[in-house]
Amino acid sequence: MLGAPGAGKGTQAEQVARARAIPKISTGDILREAVHNGTAIGRRANDIMARGELVNDDVMIGIVRERLDQNDVRNGFILDGFPRTVIQAAALDEIVKGRDPLVVIEIVVPEDELVRRLSRRMVCEKCGETAHGAAAKIPDCQRCGGRLVQRSDDHDAVVIERLKVYNRQTQPLVEYYQTRPTFRSVNGSQASDRVASDLMAAIESAASGVAAKGVRP
Ligand code: AMP
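Residues numbered from 1 in each chain as written. Predicted model: local features only at pLDDT ≥ 70, side-chain atom pairs only at ≥ 80, totals over all residues. Heavy atoms only, no water.

What follows covers the pattern of salt bridges. Evaluated as defined, the whole model comprises 19 salt bridges. With a closest N to O distance of 3.8 Å, D153 and R162 form a salt bridge. Overall, R162 belongs to the buried group, its relative accessible area being 9%. Taken together, the shared-partner salt bridges connect E14, K24, D29, R32, D80, E129 and R143 into one network. (Salt bridge = Lys/Arg side-chain N within 4 Å of Asp/Glu carboxyl O. Buried < 20%, exposed > 50% of the residue type's maximum accessible area, 1.4 Å probe, protein only.)

In structure tokens form, the structure reads like this:
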């Protein structure tokens, strides 16, 4: 799943994962957990994340390689927040070689809308659920009752840096993937349930094109 910070990748990935009963793998969540647990990777990632920059490619590729080696991804998986650089994308192609082709969906949202969304979004301290709109205005998480807080990297200056980093390092991935028969773009400015249905349709069409033509990435 490709898209700028605030495009709705996490929320949408969660729904796809639930609908298809496959794991959602969010590299941002993995790193936040590592920071929380004070592991060696977490200690190194902490400052980089706080500045809105990207963690080193080798570290990220190692994390994803290890995760995709586990049994629960055999029937598929959804990646949220990875790849973020062309080097990571090339490594991912190598990691999934011999498996079904990757379906790549870009969620497109204009930049002014992204800034607005990021500065308003809240997350649950306890379960990590993201709250938007009306749900972000009440103090408790609707899923588990935990306290809602602003993500430390959703403050204005860091948001601007994250969008810059996205444009410079991650946006080129659209060019990397867009000629593949398994690439689709979805309009992420619509209501969330509309984005979800477009997304499901895009995944179906990309995956069935693959099945019909036997296309390899
Ligand atoms: P996210 O929750 O996806 O917005 O990620 C939060 C932060 O974690 C990013 O701003 C980066 O600092 C770091 N991060 C997450 N995924 C990656 C990745 N694939 N490559 C490099 N840094 C990452």
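Moving on, we come to the sheet that holds strand β4 (residues 122-124). Read from one edge to the other, the open sheet built from three strands follows the order β5-β4-β6, with strand pairing classed as antiparallel. Each edge of the open sheet carries a strand with a single partner, namely β5 (130-131) and β6 (148-149). Strand direction decides the pairing type here: β4 and β5, joined by two bridges, are antiparallel. What sits directly across from M122, in β5, is A131. (Pairing = 2+ DSSP bridges. Helix = DSSP H or I, 4+ residues; strand = E, 2+ residues; numbered from the N terminus.)

With that settled, consider the site of the ligand. Contacts to the ligand come from 16 residues, most closely from T27, E53, G81, R84 and Q88. Within the side chain of R32, an N or O atom sits 3.0 Å from an oxygen atom of the ligand. Between the ligand and the protein, one listed contact pairs a nitrogen atom with a side-chain N or O atom of R84 at 2.9 Å. Contact with the protein chains hides 96% of the accessible area of the ligand, taken as 480 Å² for the molecule alone. Counting residues per element, the shell around the ligand draws most heavily on helix α2 (residues 27-37), which supplies four residues. Taken together, the residues that form the shell around the ligand break down as six nonpolar, four polar and six charged. (Near = heavy atom within 4 Å. Polar contact = N/O pair within 3.5 Å; in protein donor to acceptor, adjacent residues only side chain to side chain. Areas by Shrake-Rupley, 256 points an atom, 1.4 Å probe, with all protein chains shown as cover. Nonpolar A, V, L, I, M, F, W, Y, C, P; charged D, E, K, R; others polar.)

So, on to the side chain of D57. Here D57 lies in helix α4 (residues 57-67). The buried charged residue D57 lacks any salt bridge partner; its closest oppositely charged side chain belongs to R84, at an N-O distance of 9.3 Å. Polar contacts involving the side chain of D57 include one to the side chain of T85, which spans 2.9 Å. (Lys, Arg positive; Asp, Glu negative; His and termini not counted.)

Right, let's get into the environment of Y176. Assignment of secondary structure puts Y176 in helix α8 (residues 172-177). According to the relative accessible area criterion, Y176 is partly exposed, its value standing at 26%. Through-space distance from the C-alpha of Y176 to that of R67 is 23 Å; in sequence the pair is 109 residues apart. Excluding anything up to four places from it in sequence, Y176 contacts V86, A89, A90 and D93. A distance of 2.7 Å separates polar atoms of two side chains, one belonging to Y176 and the other to D93. (Contact = heavy atoms within 4.5 Å.)

On to the side chain of D80. Considering the arrangement of structural elements, one finds D80 in strand β2 (residues 78-80). Residues in contact with D80, not counting those within four places in the same chain, are K9, G10, A13, K24, I25, S26 and T27.

For the rest of this paragraph, the subject is the nonpolar core. V55, L68, L92 and Y177 are the most contacted members of the largest nonpolar core, which totals 28 residues. Residue assignment for this core shows that the elements contributing at least two residues are α3 (40-51), α4, α5 (86-95) and α8. At five residues, the largest contribution of residues to this core is made by α4. Setting aside residues up to four positions removed in sequence, L68 forms contacts with I25, V73, F77, L92, I95, V96 and R99. Residues A13, A17, V109 and A202 belong to the second largest nonpolar core, which totals 20 residues. (Core = buried A, V, L, I, M, F, W, Y, C linked by side-chain atoms within 4.5 Å.)

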